[in-house]
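Chain residues, written in single-letter form:
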Amino acid sequence: MIDDISNKWDFIEHNINAAVDKTVPKKFVKKGKSVPWMTKDIRKLCTRKKLMYRRFKKSGSHVAEQQFKECSKNLKKAIRTSHCNYSLGISKLARSNPKKFWNYVRSSSKDSSQLSFTTDSGDLTDPDDIACAFNKHFSSNFGTSSTIDVNCLPDSPPHGGACLSFDMFSVDEVVDILKGLDTNKSPGPDSILPVFLKSCASELAPVLCTFFNECISKGEIPSAWKCANVVPIYKGAGKPKNAISSYRPVSLTAILCKAMERLVCKRLLGYLDEHDILSDNQFGLRHGRNCEQMLAKFGHFLGGNLDNSKYCNLVDGIFLDFSAAFDRVDHTICCKSFITTVSGIMSSTGFKVFFLVENRELSLVELNLIGLQSHRVFLKVLFWGPSCFCYL
């Protein structure tokens, strides 16, 4: 019998990967020189062009030369038209299939020059040195965490509502979460693909449901879930490409960890909405609300005050934008603020609201960037929950 959460996850991960290796067919496709917009008609024109060329070389006649040039002209026109139509079709997939869109963009703008970055210590060209520089830069943007003594928290919610009864997850909930996974997402360090989890949702749900509930009851998660493969993404907007600060980190975390976070968030947000804990002016990261609604409400508030003679048609607005606010904020403070607001979250299940974000790790493995597990799905609730949008 395995009691440790991390060991149980290692056992589950090993069996899932073993099942994938044993049952999922693999086919290695040799990459050819053909491009996606090369149609059958274009291939026929290519064959005809070669035939016209051989006839021209053999006869040397003016008629054969004109036929070859005409065929070559038609081929170039067909290729341009097909390429234009393909590019137009790809651009329409920017929303529905962004992965295919960006793969096409990257393939069309590949830079064959050597990768080099400029830092205070000089130019970096070695992949290991570049990875270490990115790790140092990304980790410097995260705030340090302190320790929370949960025994010092009040027993009853300050808002006077009922305590959160954190019931165990059901198998149906886990099935719904797994079937809703985006198969275009990349896997985390465990290499478990979302397409496999989605295809085998009904078979995997009972085991994963039991494991998720045990994580909640013990207030622990596997140590492997606190690491992520970090990929630097260029910010754009004219920033220098050889500067480390011109890139932002994207964490490729364990798919199942994010699945459990979504289950936790669903319970927490339901509790917050039920007891009206979140401000009515909070639109970010809330279901059924968006930026357009927030701007409409703010515009209505602004217009109403401008029309009010009491304010003499003068309204002052202060807009604040904190650099890397989500990354720099002390995640432990977010948790403490949230628990203070929803102190009844400590139920008989032993659930601890901050167990997903404590003791995060940062390390470097081979040439991969391994960085902080952000747990953004869960922390967004903690970051925005106690706050509100204020009109000044």
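Residues numbered from 1 in each chain as written. Predicted model: local features only at pLDDT ≥ 70, side-chain atom pairs only at ≥ 80, totals over all residues. Heavy atoms only, no water.

Chemist: What exactly am I supposed to notice about the overall build of the protein chain here?
Modeler: Counting its secondary structure elements, the protein chain contains 13 helices and six strands. Here the protein chain holds 392 residues, and the buried ones make up 33% of them. Within the protein chain, contacts between residues at least 6 apart in sequence are counted, and of these 70% link residues at least 24 apart. For the protein chain, the exposed surface amounts to about 24500 Å²; the carbon and sulfur share of it is 55%. (Helix = DSSP H or I, 4+ residues; strand = E, 2+ residues; numbered from the N terminus. Buried < 20%, exposed > 50% of the residue type's maximum accessible area, 1.4 Å probe, protein only. Contact = heavy atoms within 4.5 Å. Areas by Shrake-Rupley, 256 points an atom, 1.4 Å probe, with all protein chains shown as cover.)

Chemist: What's the story with the packing of aromatic side chains in this structure? I'm lost.
Modeler: Both the distance between ring centres and the angle between the ring planes are used here to describe each pair of aromatic rings. Within the structure shown, the criterion is met by 15 aromatic pairs. An angle of 55° between the planes, with centres 5.3 Å apart, marks the rings of tyrosine 53 and phenylalanine 68 as tilted. One end of the pair, tyrosine 53, is in helix H2 (residues 40-59); the other, phenylalanine 68, is in helix H3 (residues 62-91), and 15 residues separate them in sequence. One aromatic cluster is present, formed by Trp9, Phe211, Phe212 and Trp225 through successive ring pairs. Stacked on the ring of tyrosine 234, the Lys or Arg lysine 241 has its end atom at 5.6 Å from the ring centre. (Phe/Tyr/Trp six-rings, centres within 6.5 Å; stacked < 30°, edge-to-face > 60°. Lys NZ or Arg CZ within 6 Å of the ring centre and 35° of its normal.)

Chemist: Can you walk me through a nonpolar patch on the surface in this structure?
Modeler: Nonpolar side chains collect at one region of the surface, where Ile318, Leu320 and Phe322 lie side by side and expose about 390 Å² of accessible area between them. Structurally, the position occupied by isoleucine 318 is in the loop between helix H10 (291-307) and helix H11 (325-328). (Patch = residues over 30% accessible without salt bridge, like charges linked within 9 Å, V, L, I, M, F, W, Y side chains within 5 Å. Salt bridge = Lys/Arg side-chain N within 4 Å of Asp/Glu carboxyl O.)

Chemist: Please clarify how the packing of H2 against H3 should be interpreted in this entry.
Modeler: The description of two packed helices rests on the angle between their axes and on the distance between the axes. The N-to-C vectors of H2 and H3 enclose an angle of 160°; their axes lie 8 Å apart at closest approach. When the interaxial angle is binned, H2 and H3 end up roughly antiparallel. Seen along the crossing, H2 lies across H3 with a hand that is left-handed. Side by side, H2 and H3 meet where Ile42, Leu45, Cys46, Arg48, Lys49, Met52, Tyr53, Arg55, Phe56 and Ser59 of the first sit next to Ala64, Glu65, Gln67, Phe68, Cys71, Ser72, Asn74, Leu75, Ala78, Ile79 and Ser82 of the second. A class-by-class count of the residues in the contact of H2 with H3 yields 12 nonpolar, five polar and four charged. (Axes fitted to C-alpha atoms, helices over the stretch in contact; angles between N-to-C directions. Parallel < 35°, antiparallel > 145°, perpendicular 65-115°, else oblique. Left-handed = near helix turned anticlockwise from the far one by under 90°. Nonpolar A, V, L, I, M, F, W, Y, C, P; charged D, E, K, R; others polar.)

Chemist: What is the right way to look at the environment of histidine 83 in this model?
Modeler: Assignment of secondary structure puts histidine 83 in helix H3. The class of histidine 83 is partly exposed, set by a relative accessible area of 30%. When the C-alpha atoms of histidine 83 and valine 35 are compared, they prove to be 9.4 Å apart, with 48 residues separating the residues in sequence. Non-local contacts of histidine 83, meaning those with residues more than four positions away in its chain, are made with Trp37 and Tyr104.

Chemist: Just to check I follow, could you spell out the pattern of salt bridges for this structure?
Modeler: Pairing is possible between side chains that carry opposite charge, provided their charged atoms lie close to one another. As enumerated under the stated definition, the model contains four salt bridges in all. Among the salt bridges present, the one from glutamate 173 reaches arginine 267, with a minimum N-O distance of 2.7 Å. Taken together, the residues span a long stretch of sequence, with glutamate 173 in helix H6 (residues 171-179) and arginine 267 in helix H9 (residues 255-274) at a distance of 94 residues. Note on accessibility: glutamate 173 and arginine 267 belong to one class, buried. It is possible to trace a salt-bridge network through shared partners that takes in Lys8, Glu214 and Lys218.

Chemist: Would you mind going over unusual backbone geometry with me for this structure?
Modeler: Apart from glycine, the bulk of residues carry a negative phi angle, and the bulk of peptide bonds sit in the trans form. Here the phi dihedral of serine 191 falls at roughly 65°; this positive angle occurs in a residue that is not glycine. Looking at the element boundaries, serine 191 is found in the loop between H6 and helix H7 (194-199).

Chemist: So what exactly am I meant to see when it comes to H6 here?
Modeler: Side chains of residues three or four places apart in an α-helix project in the same direction, reflecting 3.6 residues per turn. Those residues of H6 not exposed but buried are Glu173, Val174, Val175 and Leu178. Where H6 is buried, its residues meet H7, helix H8 (201-218) and H9.

Chemist: When you look at helix H1 (residues 5-23) in this model, what are you seeing that I'm missing?
Modeler: For H1, spanning 19 residues, the distance from its first C-alpha to its last is 27 Å, which sits close to the expected 27 Å at 1.5 Å a residue. Of the positions making up H1, those classed as buried are Ile5, Ser6, Lys8, Trp9, Ile12, Glu13, Ile16 and Val20. Each buried residue of H1 sits inside an arc of 160° when the element is viewed along its axis, so together they form one side. Every exposed residue of H1 that faces more than 90 degrees away from the buried side is listed here: His14, Asp21 and Lys22. Near the N-terminus of H1, the side chain that reaches the backbone nitrogen of serine 6, with its oxygen 3.1 Å away, is that of aspartate 4. (Expected span 1.5 Å × (residues − 1). Arc of directions from axis to C-beta. Polar contact = N/O pair within 3.5 Å; in protein donor to acceptor, adjacent residues only side chain to side chain.)

Chemist: Explain the confidence of the model for the protein chain to me, please; I cannot follow it from the model alone.
Modeler: A low pLDDT score tells you not to read the predicted coordinates there in detail. The pLDDT averaged across the protein chain works out to 76; a share of 71% of its residues lies at or above 70. Within the protein chain, no element has a lower average pLDDT than strand E6 (residues 368-372), which sits at 36, and none a higher one than H6, at 93. Taken together, the stretch residues 361-376 has pLDDT below 50 and engages in 59 contacts with residues farther than four places along the chain or on a different chain. Across residues 382-392, confidence stays below pLDDT 50; counting only partners more than four residues off in sequence or on other chains, it has 29 contacts. (pLDDT = per-residue confidence, 0-100.)

Chemist: Would you mind going over a negative patch on the surface with me for this structure?
Modeler: A cluster of acidic residues, Asp3, Asp4, Asp10 and Glu220, forms a negative patch at the surface. For glutamate 220, a relative accessible area of 38% corresponds to the partly exposed category. (Lys, Arg positive; Asp, Glu negative; His and termini not counted. Charge placed at Lys NZ, Arg CZ, Asp CG, Glu CD.)

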